[in-house]
Every structure is written in structure tokens, then in C-alpha cells.
Amino acid sequence: MAVAVAGVLVAAGAITYAVAEDGGSSETPAADSADAGFARDMAVHHQQAVEMSYIVRDRTDDEEVRRLAYDVAQTQANQRGMLLGWLDLWGLPKVSADPPMTWMGMGDMASGKDGALMPGMATNSEMKKLDSLSGKQAEVFYLQLMTDHHEGGIHMAEGCVDKCTVGVEKQLAQGMVEGQQSEIDLMAGMLKERGAEPRS
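Source: prediction; values computed, not measured.

Caption draft 1: Highlighting the pattern of salt bridges. Following the criterion strictly, the structure yields 7 salt bridges and no others. Across the pair E126 and R199 runs a salt bridge, and its minimum N-O distance is 3.0 Å. Of this pair, E126 sits in helix α4 (residues 124-132) while R199 sits in the segment after α6 (167-193); the two residues are 73 residues apart in sequence, bridging distant segments of the chain. Using a relative accessible area of 18% as the deciding quantity, one classes E126 as buried. A salt bridge links D148 to R199; its shortest N-O distance comes to 2.7 Å. In this pair, D148 sits in helix α5 (residues 135-163) while R199 sits in the segment after α6, placing the two residues 51 residues apart along the sequence. Of the residues examined, R199 reaches a relative accessible area of 40% and is grouped as partly exposed.

Caption draft 2: Layout of the nonpolar core. In this structure, F38, M52, L83, Y142 and M156 are the most contacted members of the largest nonpolar core, which totals 53 residues. Contributions of two or more residues to this core are made by α2 (34-59), α3 (63-90), α4, α5 and α6. Per-element accounting of this core gives the leading share, 11 residues, to α5. When near neighbours in sequence (up to four residues on either side) are disregarded, M52 contacts A122, M127, L130, Y142, L145, M146 and H149.

Caption draft 3: Representation of the environment of P119 within the structure. Looking at the secondary structure, you find P119 in the loop between α3 and α4. Looking at P119, the relative accessible area reads 21%, which means it is partly exposed. Distance from P119 to D148, taken between C-alpha atoms, is 8.3 Å for residues 29 residues apart in sequence. Residues in contact with P119, not counting those within four places in the same chain, are H45, M101, M106, M109, G152, G153 and H155.

Caption draft 4: Examining the side chain of Q48 more closely. Within the secondary structure layout, Q48 lies in helix α2. Beyond its immediate sequence surroundings of up to four residues, Q48 is in contact with M121, A122, M127 and H149.

How each quantity is defined
Residues numbered from 1 in each chain as written. Predicted model: local features only at pLDDT ≥ 70, side-chain atom pairs only at ≥ 80, totals over all residues. Heavy atoms only, no water. Salt bridge = Lys/Arg side-chain N within 4 Å of Asp/Glu carboxyl O. Helix = DSSP H or I, 4+ residues; strand = E, 2+ residues; numbered from the N terminus. Buried < 20%, exposed > 50% of the residue type's maximum accessible area, 1.4 Å probe, protein only. Core = buried A, V, L, I, M, F, W, Y, C linked by side-chain atoms within 4.5 Å. Contact = heavy atoms within 4.5 Å.

The following block contains the structure:
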């Protein structure tokens, strides 16, 4: 409980800081804007990464993987808090009747198959499989799933960098691109150490 509260406080502080940095000069985005769409979609995308990370922490004793999983979970939970906080600040709904990725012009893509709503997201079947594995098998599958997840997240974040209009949100998106690419590189090395490689 204390950890959850601390996470909320960190996210709230980050939102306050970001708004202060923006100087309040930005106009409130529309509900169908790229800013709102990215905030909604990436919050969902991030939530799955957090779930995967907590699953693997329970499935392995490997300190390197557990440390990565903890970092991913904390970073993405905090960023998710910022995204949802901005939607609250803008008075916009956290869900939309439009398909995911509509703000990127990809609303007509085949989505939702077995729970994979957006690029890089794991399917429900893959989530169940991760939960059934342990040890090295769990480590390898998590690293492969998270590599795919980060690649999809980078694609979305780059879309926000290109299309969003709120300065602090564009900055957050650019930070996601850089941070997740760094973790992809790290995970490639971790997979190689385990005699495996990314799926794509």
C-alpha cells in the first residue's frame, strides 16, 4: 500500500512540475486530439508492461531480470500517472469510443485480437504463458515480450512527438523513445547471455 501511495505521489509531483514548466500557456487539447489519444492509449499500453514486470518478478530469482522488471514497472507506472493526470487536468475522458490508435491515423488496423489492443502489446494467451513459466524460460519470454512491447511503445511515442501540441507531453514522449530504446539494447544483451534473441 505504501509503495502504491508513493507512486501516486511521485506521479502527482511530476504532473505538477510538468504543468509548471509548461507555464500553463498551452490550450486545452480536444478529446479527439493526438495529445488526448496518446495519453489514453499509452496509459493502457504502459499498464500491461507493469503487469508483465510484476509477473516475472514472481517467476524468477535472477537479480538482473528482477531489477529490470522493477525499473520498468516503476517508470511506466509513474508515466501512466502523468498521462492520466493530464487527462484529468484537461477535463477529458480516460476512454474513447474511437478504436485505439485513431489519433495516429491507424484506427482501422486490426486490433484487439486476443487482447492485443495496440502495437507491441502481448496477447492474453502470451500473458497466461508468462505466468506459467519460471526461471530461465520466464526470463527469456519476458525479455522477448518486453522488447516487442517497447518497440510498439516507441512507435506510438514517436507519433506523439510528431503530432502532439502540448510541450510537456511531447517532451515525455521523446523521453520514452530514448529510455525504451536504451532498454531494448540492454534486453538484447540479456537475451544473448541466455542463448536467445528477440522474436523480431
